[in-house]
Amino acid sequence: SPFIDENGDKYLFFCHDLGGGGTSHYNTSTIWGMKMIDWHTPDYSTVAKLTETGKTKVTGGDDIREGNVNEAPFMIKNNGKYYLTFSVYSYTDKLYQVRQAIADSPLGEYTKVALQDGGTVIAAEAQSDFMSGTGHHSFIKAGDENFIMYHAHVDRTTGGGQRAIAADRYTFVNNGTQDVIQANGP
């Protein structure tokens, strides 16, 4: 996922994904970022791991429940803070959802926002048959309105791999400590 900062600096965010079959040497997916010299030339000296699956920070932090997936990164900036949004759990899981981490610079160090403090941007409840698997997203602006566009399962009762697109409005709200992204759905 590309990001251009206000000063024109370019960044690329990506997932180091789960391995396949028995040949995998890793069993989680994590999010990484790097600065780009231009869109064809990475600055490899800036490569940084931005999330650690199951932890609030790459350097450790508190344990959190999110399955073994941090994927589908997207970056937005608000009031000088960088919001790294990403999906957790597997895309076939009804709990697939978008969460957020906040930092003072594009390459971190990021701290995932605790769930009780508004860390979930958008999610469906496991027992819901209204919506399922609300993850892998991007943010867009339409006129003066902000929207999060995301995948949702076609089969909203059992989940699975077949997905459709959904959209909801989002805004920034203060959780008593800091501004966090909050969507009005699903």
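Fair warning: this is a prediction, and the values are worked out from it, not measured in the lab.

Student: Is there a simple way to think about the packing of aromatic side chains in this case?
Tutor: One pair of aromatic rings is described through two measures. These are the centre distance and the angle between the planes. With the rule as written, the count across this model stands at eight aromatic pairs. A connected cluster of aromatic rings, assembled from ring pairs, spans Phe-74, Tyr-83, Phe-139, Tyr-170 and Phe-172.

Student: How do you make sense of the pairing of strand E16 (residues 179–183) when you look at a structure like this?
Tutor: Note on strand geometry: in a regular strand, side chains alternate between the two faces of the sheet. Bridging between strand E15 (residues 163–174) and E16 involves five bridges; their strand directions are antiparallel. Counterpart to Val-173 in the pairing with E16 is Val-180. Where E15 hands over to E16, the hairpin turn is made up of four residues, of which Gly-176 adopts a positive phi near 100°.

Student: How should I be thinking about the nonpolar core in this particular structure?
Tutor: Counting 19 residues, the largest nonpolar core has Ile-76, Val-121, Phe-139, Ile-148 and Ile-181 as the members making the most contacts within it. Secondary-structure elements contributing two or more residues to this core are strand E8 (70–78), strand E10 (97–103), strand E12 (120–122), strand E14 (145–153), E15 and E16. Ignoring any residue separated from it by four or fewer positions in sequence, one finds Phe-139 in contact with Phe-74, Ile-76, Thr-85, Val-121, Phe-147, Ile-148, Tyr-170 and Ile-181. Core analysis: the next-biggest nonpolar cluster, separate from the first, contains 15 residues, Phe-13, Ala-48, Met-75 and Val-88 among them.

Student: So what exactly am I meant to see when it comes to the pattern of salt bridges here?
Tutor: Side chains that differ in charge, positive against negative, can pair when their charged atoms come close. Scanning the entire structure with this criterion turns up nine salt bridges. Glu-52 serves as the salt-bridge partner of Lys-49, at 2.5 Å between the closest nitrogen and oxygen. Here Glu-52 falls in the partly exposed class, since its relative accessible area comes to 23%. One salt bridge in this structure joins Arg-169 and Glu-145, with 2.5 Å as the shortest N-O distance. Of this pair, Arg-169 sits in strand E15 while Glu-145 sits in strand E14, and the two are 24 residues apart along the sequence. Through salt bridges that share partners, Asp-5, Glu-6 and Lys-77 make up one connected network.

Student: What should I look at first to understand the sheet that holds strand E13 (residues 135–142) in this one?
Tutor: By way of backbone hydrogen bonds, the strands of a sheet pair with one another, either parallel or antiparallel. Strand order in the open sheet formed by four strands is E13-E14-E15-E16, and the pairing between neighbours is antiparallel. Of all strands in the sheet, those with a lone pairing partner are E13 and E16, marking the two edges. Sheet twist, expressed as the average angle between the axes of neighbouring strands with direction ignored, equals 35°.

Student: Would you mind showing me how to read the environment of Asp-144 here?
Tutor: Relative to the elements of secondary structure, Asp-144 occurs in the loop between E13 and E14. Assessed through its relative accessible area of 76%, Asp-144 is described here as exposed.

Analysis parameters
- Residues numbered from 1 in each chain as written.
- Predicted model: local features only at pLDDT ≥ 70, side-chain atom pairs only at ≥ 80, totals over all residues.
- Heavy atoms only, no water.
- Phe/Tyr/Trp six-rings, centres within 6.5 Å; stacked < 30°, edge-to-face > 60°.
- Pairing = 2+ DSSP bridges.
- Helix = DSSP H or I, 4+ residues; strand = E, 2+ residues; numbered from the N terminus.
- Core = buried A, V, L, I, M, F, W, Y, C linked by side-chain atoms within 4.5 Å.
- Buried < 20%, exposed > 50% of the residue type's maximum accessible area, 1.4 Å probe, protein only.
- Contact = heavy atoms within 4.5 Å.
- Salt bridge = Lys/Arg side-chain N within 4 Å of Asp/Glu carboxyl O.
- Axes fitted to C-alpha atoms, helices over the stretch in contact; angles between N-to-C directions.

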